[in-house]
Amino acid sequence: MLSLVLAACNGTTTQEPADTIYSGGPIITINDDQPTAEAVAVRNGRIVAVGSVAELSAFKNETTVMYDLAGRAMLPGFVDSHGHAGMGGLQALSANLLAPPDGQVKDISSLQNVISDWVKANETIVKQVNMIIGFGYDNAQLAEVRHPTRQDLDVISTDLPILIVHQSGHLGVANSKALAMAGITASTKNPAGGVIQRDANGEPNGVLEEYAFFTVLFPMLSSLGEEGLKAFAREGSKLWASFGYTTAHEGRASSAVVNALKKVGAAGDLPIDVVAFPDVLEGREFIADNFSQEYTNRTRVGGCKLTIDGSPQGFTALRDKPYYDPVGNYPEGYKGYAAITAKQLQGAINYCFENGLQIIVHSNGEGASDMLIAAFEQAREKYGDIGNRPVLIHGQFLREDQVDALQRLNVFPSLFPMHTFYWGDWHRKHTVGPEAAENISPTGWLVKRGMMFGTHHDAPVAFPNSMRVLDATVTRRTRSGYVLGPEHRVDVITALKAMTIWPAWQHFEENEKGSIEVNKLADFVILSDDPTAVAPETIADLDVLVTIKEDKIVFDASPNNTNTAMIDPILISSPEHAHHLVDIMYAGMGGTLPSHSHQNTSVYNWGNKLSE
């Protein structure tokens, strides 16, 4: 350090020059040994120095780019602890059925109107794919406080199949045409791990849960073909980048999705890294053949995914006690259900331990987590701690004794504090009741035990909105403004660690990512203000302005920027941006882009082009 200072004072350069030096705003390093800095020097996509402006002047010559933060805050790029980036395009390429603040659906009528408007605006592509898909409805936010039915969707069309996906991604609604195409009738039995909801006459009402839903959704999506999946992967990764993520997670991939990611990456169209986890019940040989700790063209298979239960807000998560006040036709004492058997669970975990593979496990309800803990205990007794860093995904209703068990078994918790905002009020009133709801996503218990953890958005369940994740972890405010479980609020730096260095550790990438330190990748996010310096209640209002992957800008929110292929799912669900959607889908399905297409332009420029 002294030599750098002396070199700077003498006006001489003793270091190989940097490609870029970032300075001019607060730099939050997420490095406890050097929490803040004035400047960061980068060469060949890696950090070569972190310190004061004077110290880093030794790395400057006439070719060095001096990047002025202009008072804005720079942090390490966010590392996605759990999401579905490979399918993130579903959010961008379907009718937006989200409730405010992310969409406009407030009741059944507005849901029907949004879908109808979307169909009119995208008539060409709807005819080409011969189906209608909407994403993000939430019965908890509809004025009627119920799921739409097939009859509600039949009002829109009885000629085209319609499938709308619940915001949880664990259930959905099909119209009569889609049910008929799937062969679902009154005589169809519930599949293992799924439920076909029925009306008073025993006829399917259109609502499909878990595996009953997946058996309809995946065949419909598969009709898009490889090019459609590639379009999903491209647009999903761009969406993640627009929220500051430099590493994305595909948390339940099929082999087709992984192959699409690989092909998009080989074409140079993945702006950020994507680590994928195929379903261990569907593709063990594929996982073994493709597993790698190294990225090739920005993608890799990181291990196995397993799903035990479903959605807490949809009442399909497996609890250890009855739901508090479930909305719907549920039997007395209903606790939800498991999507797999204990034998399947143990077999999957044993397979991963035998083969040295990481396994990430979706477990929401207390009953599901009891199953998970028992399975991990058996695996640890048989194989010991093999260092594969197993991960619990979600853990919404964890009991405190279960947190102790996770710590004992070295299971990394990837929690979902965004639930406190989106469904906190619903959980208090209907899911677990006001007392138990206080401990949903119990980050306070983890902090008290000194445990690392990740926080996630589970997109496309919600937008991969990093500032909403940060806000929910720090404030735990519900939609109504109620603070849910104040003891589980954490300070901003801890919340940022759960979005950077700790999920980097989760992915075995802590030596490459997650903090601004010498020799790590130059993965950065630039925010409109310093989240450690603003009032906690304003964190959700911060903007991601620039995302930088290995010293290259992959997202720039500037109105004058023309180098970012950013897509705003809210905007493209409206008629005035329909042409952009058609472009994406045409390209994704192997067609020719219409003449008005301007790829690699921002939403701002697209708006100008369309108005012209």
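Residues numbered from 1 in each chain as written. Predicted model: local features only at pLDDT ≥ 70, side-chain atom pairs only at ≥ 80, totals over all residues. Heavy atoms only, no water.

Notes on the overall build of the protein
Check the secondary structure of the protein and you find 24 helices and 23 strands. Counting only contacts in the protein whose residues sit at least 6 apart along the sequence, the fraction spanning at least 24 positions is 72%. As presented, the protein carries roughly 22300 Å² of accessible surface, and 50% of it is formed by carbon and sulfur atoms. (Helix = DSSP H or I, 4+ residues; strand = E, 2+ residues; numbered from the N terminus. Contact = heavy atoms within 4.5 Å. Areas by Shrake-Rupley, 256 points an atom, 1.4 Å probe, with all protein chains shown as cover.)

Quick look at empty space enclosed by the protein
Scanning all chains against the criterion turns up 5 cavities of 30 Å³ or more. Quantified by volume, the second largest cavity comes out at close to 70 Å³. Lining the second largest cavity are 14 residues, with Pro 312, Asn 364, Phe 416, His 419 and Asp 458 sitting closest to its centre. Taken together, the residues of the lining of the second largest cavity break down into 3 nonpolar, 10 polar and 1 charged. (1 Å grid on protein atoms, 1.4 Å probe; cavity = no way out; pocket = protein on both sides within 12 Å on 5 of 7 lines; lining within 4 Å. Points joined across faces, edges and corners; volume = space filled by probe spheres on them. Nonpolar A, V, L, I, M, F, W, Y, C, P; charged D, E, K, R; others polar.)

Focus: the sheet that holds strand β14 (residues 273-278)
The sheet built from 4 strands is open, its strands ordered β6-β13-β14-β15 with parallel pairing. Among the strands making up the open sheet, the edge pair consists of β6 (78-79) and β15 (299-301). Alignment of β6 against strand β13 (residues 245-253), held across 2 bridges, turns out to be parallel. By the bridge assignment, Phe 78 is partnered in β13 with Tyr 245. Each of β13, β14 and β15 is contacted by helix α10 (residues 255-266), which is oriented at about 155 degrees to β13, the strand it contacts most. (Pairing = 2+ DSSP bridges. Axes fitted to C-alpha atoms, helices over the stretch in contact; angles between N-to-C directions.)

Some words on the sheet that holds strand β12 (residues 204-209)
Read from one edge to the other, the open sheet built from 6 strands follows the order β7-β8-β9-β10-β12-β11, with strand pairing classed as mixed. The open sheet has two edge strands, β7 (95-96) and β11 (194-198), and neither has a second partner. With respect to the sheet, helix α4 (residues 108-121) is in contact with β7, β8 (132-137) and β9 (162-166), its orientation differing from that of β8 by roughly 140 degrees.

Describing the confidence of the model for the protein
Across the protein, the average pLDDT comes to 87, with 87% of residues at or above 70. In this model, residues 1-13 is a region of pLDDT below 50 whose contacts with residues beyond four sequence positions or in other chains number 13 contacts. A low-confidence stretch, residues 562-612 (pLDDT under 50), is modelled with 100 contacts involving residues beyond four sequence positions or located in other chains. (pLDDT = per-residue confidence, 0-100.)

Describing the pattern of salt bridges
This model, assessed by the stated rule, comprises 28 salt bridges. Across the pair Asp 273 and Lys 513 runs a salt bridge whose closest N-O atoms are separated by 2.8 Å. One end of the pair, Asp 273, is in strand β14; the other, Lys 513, is in the loop between α21 (501-506) and β21 (524-527), with 240 residues separating them in the sequence. Given the relative accessible area of 3%, Asp 273 is considered buried. Arg 319 is paired through a salt bridge with Glu 366; the nearest N and O atoms lie 2.7 Å apart. You can see Arg 319 sitting in the loop between β16 (303-307) and α12 (342-354) and its partner Glu 366 sitting in helix α13 (residues 366-383), a full 47 residues away along the chain. Grouping residues by exposure puts Arg 319 and Glu 366 together as buried. Residues participating in the shared-partner salt-bridge network are Asp 273, Arg 298, Arg 300, Glu 509, Lys 513, Asp 523, Lys 549 and Glu 550. (Salt bridge = Lys/Arg side-chain N within 4 Å of Asp/Glu carboxyl O. Buried < 20%, exposed > 50% of the residue type's maximum accessible area, 1.4 Å probe, protein only.)

A short note on the packing of α12 against α13
Relative to each other, α12 and α13 sit at 40 degrees, their axes nearing to 9 Å. The orientation of α12 with respect to α13, classified from their angle, is oblique. For the crossing formed where α12 meets α13, the hand is right-handed. Two secondary-structure elements touch here, α12 through Ala 342, Leu 345, Gln 346, Ile 349, Asn 350, Phe 353 and Glu 354 and α13 through Met 371, Leu 372, Ala 374, Ala 375, Phe 376, Gln 378, Ala 379, Arg 380, Lys 382 and Tyr 383. Among the residues making up the contact of α12 with α13, the classes are represented as 11 nonpolar, 3 polar and 3 charged. (Parallel < 35°, antiparallel > 145°, perpendicular 65-115°, else oblique. Left-handed = near helix turned anticlockwise from the far one by under 90°.)

Remarks on the nonpolar core
Across soluble globular proteins, you tend to see nonpolar side chains buried next to one another. Leu 97, Ile 115, Ile 164, Leu 208, Ile 349 and Phe 376 are the most contacted members of the largest nonpolar core, which has 150 residues in total. Considering every element that reaches this core, the biggest residue donor is α13, with 7 residues. Setting aside residues up to four positions removed in sequence, Ile 349 forms contacts with Ile 359, Leu 372, Ala 375, Phe 376 and Ala 379. One finds Tyr 22, Ile 27, Ile 47 and Tyr 67 within the second-largest nonpolar core, a separate group that totals 16 residues. (Core = buried A, V, L, I, M, F, W, Y, C linked by side-chain atoms within 4.5 Å.)

Concerning the environment of Gly 450
Note that Gly 450 resides in the loop between α18 (443-448) and β20 (454-455). When the C-alpha positions of Gly 450 and Gln 407 are compared, they lie 9.4 Å apart, and in sequence the two are 43 residues distant.

Remarks on the pairing of β8
In terms of burial, β8 is a largely internal element, 6 of the 6 residues being buried. The pairing of β8 with β9 spans 5 bridges and is classified as parallel. The residue of β9 that forms the bridge with Gly 134 is Ile 164.

A closer look at α10
If you check α10, its first and last C-alpha atoms are 16 Å apart, about what 12 residues at 1.5 Å a residue would give, namely 16 Å. For α10, the set of buried residues is Val 257, Val 258, Ala 260, Leu 261, Val 264 and Gly 265. Projected down its long axis, α10 carries its buried residues within an arc of 160 degrees, all on one side. The inward-facing, buried residues of α10 contact α9 (225-242), β13, β14, α11 (284-290) and β15. (Expected span 1.5 Å × (residues − 1). Arc of directions from axis to C-beta.)

A word on unusual backbone geometry
Following Pro 100, the chain continues to Pro 101 via a peptide bond in cis, the omega torsion being 10 degrees. Turning to its location among the elements, Pro 101 is positioned in the loop between β7 and α4. For the bond from Ala 459 to Pro 460, the omega torsion is 15 degrees, close enough to zero to count as cis. Locating Pro 460 in the fold gives a position in the loop between β20 and α19 (466-475). The phi dihedral of Glu 210 is positive, around 50 degrees, even though this residue is not glycine. In this fold, Glu 210 is placed in helix α8 (residues 210-222). Residue class for Glu 210 comes out buried when judged on its relative accessible area of 1%. With a phi angle near 55 degrees, Arg 476 is a residue other than glycine that sits in the positive phi range.

A word on the packing of aromatic side chains
Evaluation of the coordinates by the stated rule reveals 14 aromatic pairs. An aromatic cluster of three or more residues is present, and its members are Phe 315, Tyr 323, Tyr 330, Tyr 334 and Trp 426. A cation sits over an aromatic face here: Arg 319 above Tyr 323, 5.9 Å from the ring centre. Above the face of the Tyr 482 ring, Arg 428 is positioned so that its terminal group lies 4.0 Å from the ring centre. (Phe/Tyr/Trp six-rings, centres within 6.5 Å; stacked < 30°, edge-to-face > 60°. Lys NZ or Arg CZ within 6 Å of the ring centre and 35° of its normal.)

Some points on the packing of α9 against α10
Between two packed helices, the angle of one axis relative to the other and the distance separating the axes together describe the packing. Where α9 meets α10, the axes come as close as 8 Å, and the angle between the chain directions of the two elements is 70 degrees. Relative to α10, α9 is oriented roughly perpendicular. Between α9 and α10 lies a crossing of right-handed hand. Only Ala 256, Val 257, Ala 260, Leu 261, Lys 263 and Val 264 of α10 make contact with α9, whose side of the interface consists of Glu 226, Leu 229, Lys 230, Ala 233 and Arg 234. Split by residue class, the contact of α9 with α10 holds 7 nonpolar, no polar and 4 charged.

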